[in-house]
Every structure is written in C-alpha cells, then in structure tokens.
Amino acid sequence: MKKVVIAAVILCAGLAIWAIASYRIDDTVANALKETPVGSPAPAFTLTDTKGKQHNLTDYKGKYVVLEWVNFGCPYVKKHYESGNMQATQKKAVDRGVVWLSVNSSAKWKQGNMSPAAWNEEIADRKLASTAVLLDESGAVGRAYGAKTTPHMYIINPDGVLIYKGAIDDKPTSNKDSIPGARNYVLAALDESMAGKPVSTASTTPYGCSVKYK
C-alpha cells in the first residue's frame, strides 16, 4: 500500500514539474519571437477561418485590418469577452469598414486549440463581431508578427503598413472592473489614422497569457 502511495506522489510531482516546465517553455518561445516593427509592411499570410474560408491579407488591400490574437482559456481574454468589451470594440471597428480578424495560434492539444465546430459554437455564444476567426495551428503567422500574448493587437493601414501593435488598452490586469477607465489603444489608433493623423501611441507592451505555440 505504501509503495502505491509513494508511486502516486511521485507521479503527481512529475506532472506538476512538467506543467511548470511547459509554461516556462511557452514564455521562452514568446520572449524569443522576432517582432515586426511599426512602419514596416505587414507580413503576408493566408489562413483558413472556422467556416473553411481562406483569407489572404492581400484580399483586404485598401482597407484597415485589425488582427487580434485570441485564446478563450486565458483569463485576460475572458476579461474582455465576458465584459463585452472586445465585442464592442470589434463592432465599432467593423461598423467603420475595418476588417477584424481574430487569430488563434494555439498548437494542437494546447490551451485554446479547438475544432472548427467548437469554435463556431463559441463565436455564436460569445456574440463575436469580428469579420472571421482564423486558425493558425502551426503558429507560422503568429511567429511572423511576433505575437506574444492573448490578446495581442495589430492594426494594418490600407497601404498594408503596420501602424499599431501591442495591448488593447492601458490596464494590464485581468480585472473587468478596470475597463471603464481604460484607454482603448486600438480605437484611438483607428480614430487618429482615419482622420489623417499619425498614431500618437503606435507601440505598447502587450499583456495577457503567452501564445501557446507548437
């Protein structure tokens, strides 16, 4: 009996160490990513959405495009979706003709990775207002942009140039109560650029959970 108990304790300890190691690996990968500088051409990509439709960045030349890295298992993502803040931000942008692409780069078997059918259920339940949710299971597109966290936001102007990257707002917490007094960097950047002005805050430090790359 004692041997069984000891074996169980060793197994649990091993699983705990593995979980910690996996978390650290995710962080190491995220911190080692090369970032696309603001002012440079946005990396081209072709991804398939949850409904099987392909999206190529060049399809949206002449339009503003927002990229939002998402993982519904992350408490920081939950903050913005359970409060309705992300959906409201998406709607305000899309209503102005912006293409909003939510991107999931979680690898298979990692947090946030779901089948297209499961994604479509989440999209309906959470009432997303984004143009589409794109699946980047290989992580190639996330790595090309240097996406580190969920959420991590990018704005591409009609000329295909990256004009903003970073956090959605200036309150790096998972507490929903911080949203009412927050500065929404994404909407502010869109307002300025659409008015023909330079983006005053073009780069910020993203906050959230590490992207669960392969």
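Residues numbered from 1 in each chain as written. Predicted model: local features only at pLDDT ≥ 70, side-chain atom pairs only at ≥ 80, totals over all residues. Heavy atoms only, no water.

Some thoughts on the nonpolar core
Note that soluble globular proteins tend to have their nonpolar side chains buried in a common cluster. Formed by 27 residues in total, the largest nonpolar core has its most connected members in Val66, Met153, Ile155, Val186 and Leu190. For this core, the secondary structure elements donating two or more residues are α2 (75-82), α3 (85-94), β7 (153-156), β8 (162-166) and α6 (185-194). No other element matches the four residues that α6 contributes to this core. Among all residues touching methionine 153, those that are not within four sequence positions of it are Val66, Leu67, Glu68, Met86, Trp100, Tyr164, Lys165, Gly166, Ala167, Ile168 and Val186. (Core = buried A, V, L, I, M, F, W, Y, C linked by side-chain atoms within 4.5 Å. Buried < 20%, exposed > 50% of the residue type's maximum accessible area, 1.4 Å probe, protein only. Helix = DSSP H or I, 4+ residues; strand = E, 2+ residues; numbered from the N terminus. Contact = heavy atoms within 4.5 Å.)

So, the packing of aromatic side chains
In this description, an aromatic ring pair is defined by two values, namely the gap between the centres and the angle between the planes. Evaluated as defined, the whole model comprises eight aromatic pairs. Summarising the aromatic geometry, the rings of tryptophan 69 and tyrosine 145 are spaced 6.0 Å apart at their centres and angled 45° between planes, so their arrangement reads as tilted. Linking tryptophan 69 in strand β3 (residues 65-69) with tyrosine 145 in helix α5 (residues 140-145), this pair joins segments that are 76 residues apart in sequence. Ring centres of tyrosine 76 and tyrosine 207 lie 5.9 Å apart, and the angle between their planes is 70°; on these two criteria the pair is classed as edge-to-face. With tyrosine 76 in helix α2 and tyrosine 207 in the loop between α6 and β9 (209-210), this pair connects stretches of sequence that are 131 residues apart. With a relative accessible area of 7%, tyrosine 207 lands in the buried category. In this structure an aromatic cluster arises from ring pairing among Phe45, Trp69, Tyr145 and Tyr154. Of note, arginine 143 hangs over the ring of tyrosine 213, and the distance from its end group to the ring centre comes to 4.6 Å. (Phe/Tyr/Trp six-rings, centres within 6.5 Å; stacked < 30°, edge-to-face > 60°. Lys NZ or Arg CZ within 6 Å of the ring centre and 35° of its normal.)

Thoughts on the sheet that holds strand β5 (residues 132-135)
Backbone-to-backbone hydrogen bonds join strands into a sheet, with any given pair of strands oriented parallel or antiparallel. Ordered in space as β2-β1-β5-β4-β3-β7-β8, the seven strands form an open sheet in which the pairing is mixed. A strand with exactly one partner marks an edge of an open sheet, and here the two such strands are β2 (54-56) and β8. Going from strand to strand, the sheet's axes swing by 30° on average, the running direction of each strand aside. Relative to β7, β3 runs antiparallel, the two being bridged by four bridges. The partner of valine 65 across the bridge, within β7, is isoleucine 156. Taken strand by strand, α3 contacts β3, β4 (99-104) and β7, and its axis lies near 140° from that of β4. (Pairing = 2+ DSSP bridges. Axes fitted to C-alpha atoms, helices over the stretch in contact; angles between N-to-C directions.)

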